[in-house]
Amino acid sequence: MTDYAQEQEMEIEALEAILMDEFKEIHSSESGLNTSNRCFQITITPQEDDEESPQSSVRLALIFSHTEKYPDEPPLLNVSSLKGIHSGDLKILKEKLEQEAVENLGMAMVYTLVSSAKDWLSERFAQETGDEGAEDDAAKKEEVIVPHGEAVTVETFLAWRERFEAELALERAKLMPDAALSVTKDKKLTGRQWFESGRASGKAAAAIAEESDEDVDDIDFDDDDFEDDEEEDMFEHYLAEKTDSSNS
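If you're wondering where the values come from, they're calculated on a predicted model, not measured in any experiment. (Residues numbered from 1 in each chain as written. Predicted model: local features only at pLDDT ≥ 70, side-chain atom pairs only at ≥ 80, totals over all residues. Heavy atoms only, no water.)

## Describing the overall build of the protein chain
Regarding its fold elements, the protein chain presents nine helices and four strands. Counting from the amino terminus, the protein chain carries its helices and strands in the arrangement α-β-α-β-β-β-α-α-α-α-α-α-α. In the protein chain, the share of contacts with a sequence separation of at least 24, taken over all contacts with a separation of at least 6, comes to 57%. For the protein chain, the computed accessible surface area is about 17,500 Å², with 49% contributed by carbon and sulfur atoms. (Helix = DSSP H or I, 4+ residues; strand = E, 2+ residues; numbered from the N terminus. Contact = heavy atoms within 4.5 Å. Areas by Shrake-Rupley, 256 points an atom, 1.4 Å probe, with all protein chains shown as cover.)

## Focus: the pairing of strand S2 (residues 39–44)
Burial of S2 is extensive: five of the six residues sit out of reach of the surface. Sheet topology note: the strand S1 (residues 23–26)/S2 ladder contains four bridges and is antiparallel. For Glu 25, the partnering residue across the bridge sits in S2 and is Phe 40. As paired strands, S2 and strand S3 (residues 59–65) are joined by five bridges and run antiparallel to one another. Opposite Gln 41, over in S3, you have Ile 63 as the bridge partner. (Buried < 20%, exposed > 50% of the residue type's maximum accessible area, 1.4 Å probe, protein only. Pairing = 2+ DSSP bridges.)

## Some words on the packing of aromatic side chains
Under the definition given, this model contains four aromatic pairs. When the centroid spacing of 5.4 Å and the interplanar angle of 20° are considered together, the rings of Phe 23 and Phe 40 count as stacked. Here the residue Phe 23 occupies a position in strand S1, and Phe 40 occupies one in strand S2, the gap between them amounting to 17 residues. Of the two residues, Phe 23 and Phe 40, neither departs from the other in class, the shared state being buried. Measuring from centroid to centroid gives 5.4 Å for Phe 40 and Phe 64, while their planes differ by 25°, and the two rings are stacked. One end of the pair, Phe 40, is in strand S2; the other, Phe 64, is in strand S3, and 24 residues separate them in sequence. Taken together, the aromatic side chains of Phe 23, Phe 40 and Phe 64 make up a single cluster linked through ring pairs. (Phe/Tyr/Trp six-rings, centres within 6.5 Å; stacked < 30°, edge-to-face > 60°.)

## Overview of the side chain of Glu 100
The topology assignment puts Glu 100 in helix H3 (residues 87–103). When residues no more than four places from it in sequence are discounted, the contact partners of Glu 100 are Leu 113 and Ser 116.

## Focus on the sheet that holds S3
Sheet architecture is open: four strands sit in the order S1-S2-S3-S4, paired in antiparallel fashion. On the outer flanks of this sheet lie S1 and strand S4 (76–83), each paired with one strand and no other. If you compare each strand with its neighbour and ignore which way they point, the axes differ by 25° on average. Against the sheet, helix H1 (residues 4–19) touches S1, S2 and S3, its axis set at about 130° to S1. Contacting S3 and S4, H3 runs over the sheet at an angle of about 150° to S4. (Axes fitted to C-alpha atoms, helices over the stretch in contact; angles between N-to-C directions.)

Structural data, given as structure tokens:
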């Protein structure tokens, strides 16, 4: 013969050990149940995946009392809101738990019902929180002040950079004479050609001086670039102008 009282006492001890502060005994007059037997209340909140999550906005009390032949009979059940749960939701949850109690007859089932209630809260109010978050995001987008002019995006910035680099290359090309642009990589200008091309002009020299602070020794000229003394004089003249431009 089943010792129902012993099974019930063992379940209460197990629930106290597992749930600790979330489990407590209450007076039957507080339970909302039609019984004079011992009544217990379990505080339930949605399942939190992150332990550092802020305190839940909803919380309920699962109240139960063992019947005489529990667990071969379902327990008496009641649910009440401790925070943020509407009566309509409580009714749905109570019906769900009563149905599960019938399906689990013959075994201690209170902890199973607690887990089911926790999962239901998580699904029900996580979805509601997600909807509210979507509404908040939409409201924030509407509140964004759009500045005058074209919005800055990755695409617009890349397009602007291409235009800028093209304009910069064009400006540099203007400083380089046509004679220099037409020279192939395999052919170098002689000193005379280089000087007569106009690169040694004050404007070009000043532009070169502004773009680089390198020493004169860093300029790469082969000895073959200067075929006679006149070309060497021209080169010395260019160096003098470059030095004057750098000092000004």
